[in-house]
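Fold and contact review
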Amino acid sequence: MTDTTTASSSPASSPIKVDVWSDIACPWCYIGKRKFEDAAARFDGEVEVEYHSFELSPDTPVDFEGDEVDFLAKHKGMPAEQVRGMLDQVTGVAAEVGLAYDFGSLHHTNTVKAHQLLHFAKARGLQLEMTERLLAAYFVEGRHVGRVAALGDLAAEVGLDRAEVVAALESDQHLADVRADQQQAQAFGITGVPFFVLEGKYGISGAQAPEAFLGALQQVQSEVAAASGTASSPGAAATGTDTVR
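This section reports on the structure supplied with the text.

Procedures and definitions
Residues numbered from 1 in each chain as written. Predicted model: local features only at pLDDT ≥ 70, side-chain atom pairs only at ≥ 80, totals over all residues. Heavy atoms only, no water. Helix = DSSP H or I, 4+ residues; strand = E, 2+ residues; numbered from the N terminus. Buried < 20%, exposed > 50% of the residue type's maximum accessible area, 1.4 Å probe, protein only. Axes fitted to C-alpha atoms, helices over the stretch in contact; angles between N-to-C directions. Parallel < 35°, antiparallel > 145°, perpendicular 65-115°, else oblique. Contact = heavy atoms within 4.5 Å. Nonpolar A, V, L, I, M, F, W, Y, C, P; charged D, E, K, R; others polar. 1 Å grid on protein atoms, 1.4 Å probe; cavity = no way out; pocket = protein on both sides within 12 Å on 5 of 7 lines; lining within 4 Å. Points joined across faces, edges and corners; volume = space filled by probe spheres on them. Pairing = 2+ DSSP bridges. Polar contact = N/O pair within 3.5 Å; in protein donor to acceptor, adjacent residues only side chain to side chain. Phe/Tyr/Trp six-rings, centres within 6.5 Å; stacked < 30°, edge-to-face > 60°. Lys NZ or Arg CZ within 6 Å of the ring centre and 35° of its normal.

The next point concerns the environment of Val224. Tracing the chain through its elements places Val224 in helix α9 (residues 210–226). Residue classification places Val224 among the partly exposed residues on the basis of a relative accessible area of 43%. Sequence separation between Val224 and Pro15 is 209 residues, and the spatial gap between their C-alpha atoms is 10.0 Å.

The structure is reproduced here in structure tokens:
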């Protein structure tokens, strides 16, 4: 089951399928989500979006000791002051798309359980809502998105059954789905997120400007309408819109 984002589409038109690889702990993924949503709202057609799992730091403990500055200083080997400047810059970019990032309150954590929750939500038609809720909780509200109990609370807020969520997360019911997404990312050659794949053919890497996303959607729409596009073997694309190979 997938979620759809609809603009002013014709009933006869087929939706453009967009697969998005992202991580809950990726600040550019939330920014990229907003920019893509801007493009989709301006697109004269229907867009079907499905999110896929990507862990930027799979070795991160659930309860990391320290703040985001500490984590990035250790993870990237950068001076703390340089990290603070980088976070200030990202906060400014986020503000431009209406997101009030609060890195001072952020709880850095392992995101594998959050990704399992997204698969649970997808099976119930609420993946888009759950993705938005998790990103806002992590980057804006300072909520913990690594603990099962906290994830159960967030899931209940979007209408999922908390007890079912907790049971699914404790049993790793959707861990195989997370690993399958990660294996597909490797097959595509995806090494960073966000990464958008349109109709299984074109890849867009990074939080591009809405105009870039809009142009890509229009390009694919024209090709589908003309029935002239042929699918290629999956692989990675650089920035902009390139054939995925």
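Structure shown, so let's carry the discussion forward.
It is worth spelling out the packing of helix α4 (residues 112–122) against helix α8 (residues 175–188) at this point. Two elements in contact, α4 and α8, have axes separated by 8 Å at closest approach and are oriented at 100°. By the angle between their directions, the pair α4 and α8 is classed as roughly perpendicular. Two secondary-structure elements touch here, α4 through Val112, His115, Gln116 and His119 and α8 through Leu175, Asp177, Val178, Arg179 and Asp181. In terms of residue class, the contact of α4 with α8 is made up of 3 nonpolar, 3 polar and 3 charged.

On to the layout of surface pockets. Quantified by volume, the largest pocket comes out at close to 480 Å³. What lines the largest pocket is a set of 23 residues, among which Ala25, Pro27, Leu56, Leu72 and Lys76 lie closest to the centre. For the lining of the largest pocket, the element with the most residues is helix α2 (residues 68–76), which contributes 5 residues. Residues belonging to the lining of the largest pocket are distributed by class as follows: 12 nonpolar, 8 polar and 3 charged.

Attention now goes to unusual backbone geometry. Following Val193, the chain continues to Pro194 via a peptide bond in cis, the omega torsion being 10°. Looking at the element boundaries, Pro194 is found in the loop between α8 and β4 (195–198). Despite not being glycine, Asp172 has its phi angle at roughly 55°, a positive value. Mapping Asp172 onto the fold places it in the loop between α7 (162–170) and α8. Positioned with a positive phi, Glu199 is a non-glycine residue whose angle comes to about 55°. Position of Glu199 relative to the elements: it lies in the loop between β4 and β5 (202–205). Judged by relative accessible area, Glu199 falls into the partly exposed class, the value being 33%.

What you see with β4 is no split at all: Phe195 and Val197 on one side and Phe196 and Leu198 on the other are buried throughout. Both strand β2 (residues 16–22) and β4 contribute to a ladder of 4 bridges, which runs antiparallel. Each bridged residue has a counterpart across the sheet, and for Val20 the counterpart in β4 is Phe196. Here β4 runs beside β5; their pairing, made up of 4 bridges, is antiparallel. Bridge pairing links Phe195 to Ser205 in β5. The antiparallel pairing of β4 with β5 creates a hairpin that spans 3 residues between the two strands, and Glu199 there sits at a positive phi of about 55°.

We now examine the environment of Asp181. With respect to the element layout, Asp181 can be found in helix α8. Taking relative accessible area as the criterion, Asp181 reaches 7% and is therefore assigned buried. For the pair formed by Asp181 and Phe54, sequence separation is 127 residues and the distance between their alpha carbons is 7.3 Å. For Asp181, the contacting residues outside a window of four places in its chain are Trp21, Tyr51, His52, Ser53 and His119. A polar side-chain atom of Asp181 sits 3.0 Å from a polar atom in the side chain of His52.

In this section: the packing of aromatic side chains. Aromatic ring pairs are defined here through the distance separating the ring centres and the angle between the ring planes. Counting across every chain of the model gives 10 aromatic pairs. Ring centres of Tyr101 and Phe103 lie 5.6 Å apart, and the angle between their planes is 90°; this geometry places the pair in the edge-to-face category. Each member of the pair, Tyr101 as well as Phe103, is classed as buried. The structure contains a cluster of three or more aromatic residues connected by ring pairs, namely Tyr30, Tyr101, Phe103, Tyr138 and Phe139. Directly above the aromatic system of Phe120 lies the positively charged group of Arg124, at a separation of 3.6 Å from the ring centroid.

Honestly, it's all geometry; don't read function into it.
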